[in-house]
Amino acid sequence: MSPSNRKLRLYVTISQRLFRDSLLFQLLLHSDIDLVGESESGIDTLNRLESSKPGVLIIEENLQDNDGLTIAENALSLHPTLSVLLISDTPVSASRLAIYLEAGIKAVVSKHQPIQELVKTLFYIRNGQVYVGAWNKPDTPSQGVVNAYHALSGREREVAQLIASRTPIKEIAAQLGVSCKTVHSYKDRIFIKLGFERLPELILFMKRHHNGAAA
C-alpha cells in the first residue's frame, strides 16, 4: 500500500467533550481515518503518544491543563515525524501564525471550519506539508496592552519574560525560589492583566517589546 493510500492514524486532543465528540463522529465517517487515541488534557496526550503512534495530532489551542503550542512542541520533540494540526476558536494574526509554524505545527485552522475542509487539511499535512489558511486579526498591539504591561509589578514582568522565552514552569519556580503553584498564579494574573488568552500572544508581545516595537 502506498503512503498516499494508507489509513491516516489520528490522535485528537480537545478539552471540550461535546466538541470533540461532534468532530470525531464526522471524522470517523471516513474509512481512511483510524482514530488511535483521544485526550482532554495535554499531559495525557504526551504520555500516550508513544504507544498510540499517530501520524497526525489534532490539538486544541486552549486546553484545560496547558496550551496547545506547548504540548505540540513537546510532542514534536519526542516524535519529530508527527504532523500537528492546531484548532483555534479565534482569528490568528500572521505573526502569531509564524510562531506556530516555527514551532513545527503544520496547520492552523478555525474551529468553525467545515469538516470536509478539515479532512482535506489532515491528508494534506500527513506527509509533512504545511497548510496555511486565511486569517485577518491585526498584528499591532494596542496602547492599552503596552500600558498594562508597564503597570505590571517587577516580578510579574520577570515571570512574563521567562514564560515568553518558553522556560518550563519548574525552572522558573527554581530560579525564583517559589513553588510551581505560585508561578502559575503569576501567569494567570499576567494573562488577565494584559488581556491575553494564549501563550503566542505573550510571546509575540514580548518579542516586540524587546525590539522596541511595543514600547
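How each quantity is defined
- Residues numbered from 1 in each chain as written.
- Predicted model: local features only at pLDDT ≥ 70, side-chain atom pairs only at ≥ 80, totals over all residues.
- Heavy atoms only, no water.
- Salt bridge = Lys/Arg side-chain N within 4 Å of Asp/Glu carboxyl O.
- Helix = DSSP H or I, 4+ residues; strand = E, 2+ residues; numbered from the N terminus.
- Buried < 20%, exposed > 50% of the residue type's maximum accessible area, 1.4 Å probe, protein only.
- Pairing = 2+ DSSP bridges.
- Polar contact = N/O pair within 3.5 Å; in protein donor to acceptor, adjacent residues only side chain to side chain.
- Axes fitted to C-alpha atoms, helices over the stretch in contact; angles between N-to-C directions.
- Parallel < 35°, antiparallel > 145°, perpendicular 65-115°, else oblique.
- Contact = heavy atoms within 4.5 Å.
- Nonpolar A, V, L, I, M, F, W, Y, C, P; charged D, E, K, R; others polar.

Asks: Looking at this model, I keep getting lost on the pattern of salt bridges. Mind explaining?
Replies: Close approach of charged atoms allows side chains with opposite charge to pair. By the definition in use, this model includes 15 salt bridges. Here Glu 38 and Arg 20 are joined by a salt bridge, their closest N and O atoms 2.9 Å apart. Linking Glu 38 in strand E2 (residues 33–39) with Arg 20 in helix H1 (residues 17–27), this pair joins segments that are 18 residues apart in sequence. Arg 20 sits in the buried class, given a relative accessible area of 5%. Linking Asp 89 and Arg 198 is a salt bridge whose minimum nitrogen-to-oxygen distance equals 2.5 Å.

Asks: What am I meant to see in the sheet that holds E2 here?
Replies: Sheet strands pair via backbone hydrogen bonds, and the direction of the pair is either parallel or antiparallel. Spatial strand order, E2-E1-E3-E4-E5-E6: 6 strands in an open sheet with parallel pairing. Unpaired on one side and paired on the other, E2 and strand E6 (131–132) mark the two borders of the sheet. In this structure, strand E5 (residues 107–110) lies alongside E6, joined through 2 bridges in parallel fashion. By the bridge assignment for E6, Ala 107 is matched with Tyr 131.

Asks: It is not clear to me how the side chain of Ser 88 should be interpreted in this structure. Could you clarify?
Replies: Along the chain, the position of Ser 88 falls in strand E4 (residues 83–88). In terms of polar contacts, Ser 88 uses its side chain to reach the side chain of Glu 61, at 2.9 Å.

Asks: Would you mind showing me how to read the packing of helix H8 (residues 169–176) against helix H9 (residues 180–194) here?
Replies: Angle between the axes and distance between the axes are the two parameters that describe a pair of packed helices. Contact geometry for H8 and H9: axes closest at 8 Å, N-to-C directions at 105°. Classified by the interaxial angle, the pair formed by H8 and H9 is roughly perpendicular. Counted together, Ile 169, Lys 170, Ile 172 and Ala 173 of H8 and Cys 180, Val 183 and His 184 of H9 form the full contact between these two elements. In the contact of H8 with H9, the residues fall into 5 nonpolar, 1 polar and 1 charged.

All quantities given are derived from atomic positions and should not be read as evidence of function.
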